[in-house]
Structures are given as C-alpha cells and as structure tokens.
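Residues per chain are reported as follows:
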Amino acid sequence: MDHQGQFRRAALALGIPDDEVSRFIQHLRLSIRLSGGSSGVPVGQFGGLPRVPVGMEWPSDGVSPLPFIFSVDCAALPRVDGFGLPADGSLLFFLNHEQAAATGERRYGRVVYVPAGTDTEVATGSTDEAFVGEQYDVDATLRAEFPDWFGADEDDEDDLSPFQQQLAGDLEHDLPHLDELCALANDLWPPDNGYASAYIGGYADGEVIKSFAEQTLAWREKIGEIVVPVAKWYSQVEKETHRLTSEWVSLARFPVDNEFYYRSDGGFVIRHDDLAAGRLDEALSMAELIP
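This write-up is about the structure you can find in this document. (Residues numbered from 1 in each chain as written. Predicted model: local features only at pLDDT ≥ 70, side-chain atom pairs only at ≥ 80, totals over all residues. Heavy atoms only, no water.)

## Quick look at the overall build of the protein
Helix and strand counts for the protein stand at ten helices and twelve strands. Compactness check: the protein gives a C-alpha radius of gyration of 20 Å against a globular reference of 19 Å for 291 residues, within 12% of the reference. Projected onto its principal axes, the C-alpha positions of the protein cover 60 × 50 × 35 Å. For the protein, the share of sequence-separated contacts (at least 6 apart) that also reach a separation of at least 24 residues comes to 72%. Of the accessible surface of the protein, which amounts to about 15400 Å², a share of 48% is contributed by carbon and sulfur atoms. Mean positive and mean negative side-chain charge positions of the protein (21 and 50 charges, respectively) differ by 7 Å. (Helix = DSSP H or I, 4+ residues; strand = E, 2+ residues; numbered from the N terminus. Rg over C-alpha atoms; globule rule 2.2 N^0.38 Å. Contact = heavy atoms within 4.5 Å. Areas by Shrake-Rupley, 256 points an atom, 1.4 Å probe, with all protein chains shown as cover. Lys, Arg positive; Asp, Glu negative; His and termini not counted. Charge placed at Lys NZ, Arg CZ, Asp CG, Glu CD.)

## Focus on the pairing of strand β4 (residues 68-73)
With five of its six residues buried, β4 lies for the most part within the structure. Inspection of the sheet shows β4 paired to strand β5 (residues 90-95) by five bridges, in the antiparallel sense. By the bridge assignment, Phe 70 is partnered in β5 with Phe 93. (Buried < 20%, exposed > 50% of the residue type's maximum accessible area, 1.4 Å probe, protein only. Pairing = 2+ DSSP bridges.)

## Notes on the environment of Pro 67
On the secondary structure map, Pro 67 appears in the loop between β3 (51-53) and β4. For the pair Pro 67 and Val 52, spaced 15 residues apart in sequence, the C-alpha to C-alpha distance is 14 Å.

## Observations concerning the pattern of salt bridges
Taken as a whole and assessed by the stated rule, the structure comprises ten salt bridges. In this structure, Arg 271 and Glu 247 form a salt bridge, with 2.6 Å as the shortest nitrogen-oxygen distance. Here the residue Arg 271 occupies a position in strand β11 (residues 263-271), and Glu 247 occupies one in the loop between α9 (233-245) and β10 (248-255), the gap between them amounting to 24 residues. Because the salt bridges share partners, they merge into one network encompassing Glu 240, Arg 243, Glu 247 and Arg 271. (Salt bridge = Lys/Arg side-chain N within 4 Å of Asp/Glu carboxyl O.)

## Digging into a negative patch on the surface
Negative charge collects at one region of the surface, where Asp 148, Asp 205, Glu 207 and Glu 214 lie side by side. If you trace the backbone, Asp 205 turns up in the loop between β9 (198-201) and α8 (206-222). With relative accessibility at 32%, the residue Asp 205 sits in the partly exposed group. (Patch = residues over 30% accessible without salt bridge, like charges linked within 9 Å, V, L, I, M, F, W, Y side chains within 5 Å.)

Given below as structure tokens:
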C-alpha cells in the first residue's frame, strides 16, 4: 500500500500545502507492531520451535545454542514504504540478550532468512524452555514513528541538546502545520495501545546509532582523514548521529523477560542498503539491561 500517498491525500484534504507535507514525510517512518492475544490474521510466531531449512543446525554462538525469539512470514506483513523487507519467505530471530548486552559481540545474535519454497522442518536440538519460550501467534498493525527530537514541546526541549534544539526549531519554522500533521499521522497509524511483543522497522535506537557515530569518527581520526578538536567532539558526534540515522533502520525491537532487571530489551539494526539487497546477515544485534 502507498502509505505516503495515503498520508499526502489526507493532509491535502485538510488544506495543508503540498510542499509542507513533503517535508514532513521525510521524517515519518512506519513500524510494524506485532502483538498476540487478538483475533487478527497471524503473521508470525513467538517462542516454541521454529521451522528451519531441512538439515540446518540450531544457530549458536559457537559454543551454546542461541535462544529463539520469534519468526515472521514476510508475505503476511504489511508492506511499508522505504522499508525493504523480503516480499516473501520468513525471518527467524535468535538472540542471547544477556551475552549480547555484556559483550556487544555479533555472535550472540543471528537473523535467519528462509526463502519461500524452501523445504523446512521443525527445528530440533534445543528443547530447553530457556531457548524456545512460550509459543503464541502474533498479528500486525502499523505505528507512526518520528526522531527523538521531533515535535518536542517546551517542556521536552530542556532534555534536548543544543543541536537537537536547533533541529526542532528549524522544523517548527518549516512546518507551520506541524501539530496537525503529527495528529493526522497518529490518527492513521495510532501509537501503542497495550502490550507489544515486537516492532519491525521504524527508527533504530538512538544510543545504538550514537555509538556507531563515535566509532566512525574515531576511525576517521585514526587514519588521519579528519581532526576533531576535543571541545567539538560531542557536537560532531551529534551531527554524525543525525546523518547515520538516515542510513540505518530498526529490523526488530522486542522486550525480553528477565527477572533480574527492571527492563530487558533486544533487537537488530541494519543499513537500508543491506536490507534492500537482502543481506540479512549484515544485521547487528543489540541488547540493553536496566537494573
């Protein structure tokens, strides 16, 4: 479905100028919200034993099997503008979130793409509930997402950095109908209502992208490509983070049960170009544990 076209037509019907709608759409992303317990059409499975290609071994970190989180049927998911998921086949997500959070190593997370038509079987080799979890089906709805600094009100502006405040100020100047546009987006694709098992697509976690920005700048300095004065390091990191936000997308985000932490989140991020080219093995796992 042409969601951008749907939004544009609705905004124009409200009398909002087309050029303003175009600028707003540049910041609008849709994520696919997966949730269980409803009567919608199932698009995926959380927990249980996944279906994998015949003969495939259970994914591991080289020593131990990786916990299976969930799988989705790509053909059953709603299509989202600019988000290059495979048109068919299935995606399987495996993640040891505790080890991923502790070490940051890629080997603790894996995304497996199973092309349509592949002979599959129910996976074997890991029946421990720690690696499979409770099984249930999920359905899909769409949710509008914006950058963290987007549409901040006066109370929120104090939490923004000077660079983000400048972005927010420029946005308000360029989009006189900002409030109406945000309200329209949230009417078409409502915010969360109840518990979500996972989100596919949308904006990648800001802290993850910031870490990429720091690594990128540090590497460019090391090879002598740039020199960043210490006093300007933070502002350069913010600018690089802003640039990289357009290159990266969240492939999946999900809460993970953990009795020892207040919050435990996991997920995967990937470059738009790698996703569009089907390079799912380039997805990077991420995890966060909050005591």
